[in-house]
Amino acid sequence: MFTTTETRPCEVVVPHCCLLGEGPVWDEKTGSICWVDILNGRIHEYQPAGNSHRTHQVDSLVGAVAICENGDFIAGLREGLSFVGRSSGRTKLLHHPEAHLPQNRYNDGKCDPEGRFLIGSTALNHKKQAGNLYLLDHDLRCTTQLQGVTMSNGMAWSPDGRTFYYIDTPTFEVAVFDYDTKTGRIGPKRSAFPIPQKEGLPDGMTIDSEGMLWIAHWDGWQVARWNPETGEKLFSFRLPVAFVTSCTFGGENLQDLYITSASIGLNEKQHDEQPLAGSLFVIKNSGFQGMRPSVFHHSKQASS
């Protein structure tokens, strides 16, 4: 098996380092990249065309956001799944399926191809199998999709939408499910392929137009491209930081690869060696193309 690794100069998008940067999502309508700093409770938004960086302080742990059809955010806050007004910053609580689990927080989330929002949870103390995966449907009903996960993370759908890929980070594997695009229901869990531990923990994930998975590897210094059918590692971009957390494609032609990272847990020596830890990076004109991002379709609008 031959793997190409490229150490291409990646650009820092904005001169800001997150504690735990995560969940990049491309807003096609505004031409913006959005991402979160989970532990600092911030939603970041950068518009390349205008070189404009905005920060939305939500004063809550924020695991992930997605874009709603009206331009606002749907977010997994510590207090529950909520709308966040993009202009006002006001929040509107929808559901808190883990209100009885105060030791948990919401983690990675993403919209499926039909505009439903899936989001997972994890225990603050990393307790095994304490998390779950939820689906927020078009009518704002919330249902449980998976139970007993430890670190609910990367999500991606095949180009035809009928296959769902999912990462529970400490399992060192990518799981796969048949996906019913009409209902959002998932089939029985199967293993797509294992991730060798030497690559780093599998974290956030996206998929390209050829159906290949891109995985951010925590403590792996890389974003890697994997073939989900064979489990082959096809390609990787090396990064100047160890804790690579997630990735997505953006830009006018969806060929710019945006990559989030974290600085949490680094000691003084590591901070000195990785001054860019926590940055949002971009590899422009990556040579690959992403899938058109989905937005959250729902029957009620947030106040903004």
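A. Spatial organisation of the pairing of strand β20 (residues 213-218). With respect to burial, β20 is a largely interior element, five of its six residues being buried. Bridge count between strand β19 (residues 201-207) and β20: five bridges; the pairing is antiparallel. Note that in β20 the partner of Pro202 across the bridge is His217. Between β19 and β20, which follow one another and run antiparallel, lie five residues, and Gly211 among them has a positive phi close to 80 degrees. Both β20 and strand β21 (residues 222-226) contribute to a ladder of five bridges, which runs antiparallel. Considered in β21, the bridge of Ala216 is made with Val223. Count of turn residues in the β20/β21 antiparallel hairpin: three residues, of which Asp219 carries a positive phi of about 65 degrees.

B. Focus on the sheet that holds strand β17 (residues 173-178). Judged by pairing direction, the sheet is antiparallel, and its four strands sit side by side in the order β15-β16-β17-β18 without closing on themselves. Only two strands of the sheet have a single partner each, and these edge strands are β15 (152-157) and β18 (190-194). Averaged over all pairs of adjacent strands, the angle between strand axes in this sheet comes to 25 degrees, irrespective of strand direction. Pairing analysis gives four bridges linking β15 to strand β16 (residues 163-168), with the strands arranged antiparallel. Within β16, the position partnered with Ala156 by the bridge is Tyr165.

C. Structural context of the packing of aromatic side chains. Within this structure, the stated rule accounts for 16 aromatic pairs. A centroid spacing of 5.7 Å and a plane angle of 80 degrees characterise the contact between Trp157 and Tyr179, whose relative ring orientation is edge-to-face. Linking Trp157 in strand β15 with Tyr179 in the loop between β17 and β18, this pair joins segments that are 22 residues apart in sequence. We note that Trp157, like Tyr179, is buried. One aromatic cluster is present, formed by Trp157, Phe164, Tyr166, Phe177 and Tyr179 through successive ring pairs.

D. Main features of the sheet that holds strand β23 (residues 244-250). Overall, antiparallel pairing links the four strands, which are arranged β2-β25-β24-β23 in an open sheet. Of all strands in the sheet, those with a lone pairing partner are β2 (11-12) and β23, marking the two edges. Of the strand pairs in this sheet, strand β24 (residues 256-261) and strand β25 (residues 281-283) are connected by three bridges, and their pairing is antiparallel. Bridge pairing links Ile259 to Phe281 in β25.

E. Representation of the pattern of salt bridges. Evaluation of the coordinates by the stated rule reveals 13 salt bridges. Between Glu45 and Arg86 there is a salt bridge, with the nearest N and O atoms lying 2.8 Å from each other. Residue Glu45 is located in strand β5 (residues 42-47), and its partner Arg86 is located in the loop between β9 (80-84) and β10 (91-95); the two are separated by 41 residues in the primary sequence. As far as burial versus exposure is concerned, Glu45 and Arg86 are alike and both buried. We note a salt bridge from Arg190 to Asp178, for which the minimum N-O separation is 3.6 Å. Residue Arg190 is located in strand β18, and its partner Asp178 is located in strand β17; the two are separated by 12 residues in the primary sequence.

Definitions and limits used
- Residues numbered from 1 in each chain as written.
- Predicted model: local features only at pLDDT ≥ 70, side-chain atom pairs only at ≥ 80, totals over all residues.
- Heavy atoms only, no water.
- Buried < 20%, exposed > 50% of the residue type's maximum accessible area, 1.4 Å probe, protein only.
- Helix = DSSP H or I, 4+ residues; strand = E, 2+ residues; numbered from the N terminus.
- Pairing = 2+ DSSP bridges.
- Axes fitted to C-alpha atoms, helices over the stretch in contact; angles between N-to-C directions.
- Phe/Tyr/Trp six-rings, centres within 6.5 Å; stacked < 30°, edge-to-face > 60°.
- Salt bridge = Lys/Arg side-chain N within 4 Å of Asp/Glu carboxyl O.

That's the geometry; what it means functionally is another story.
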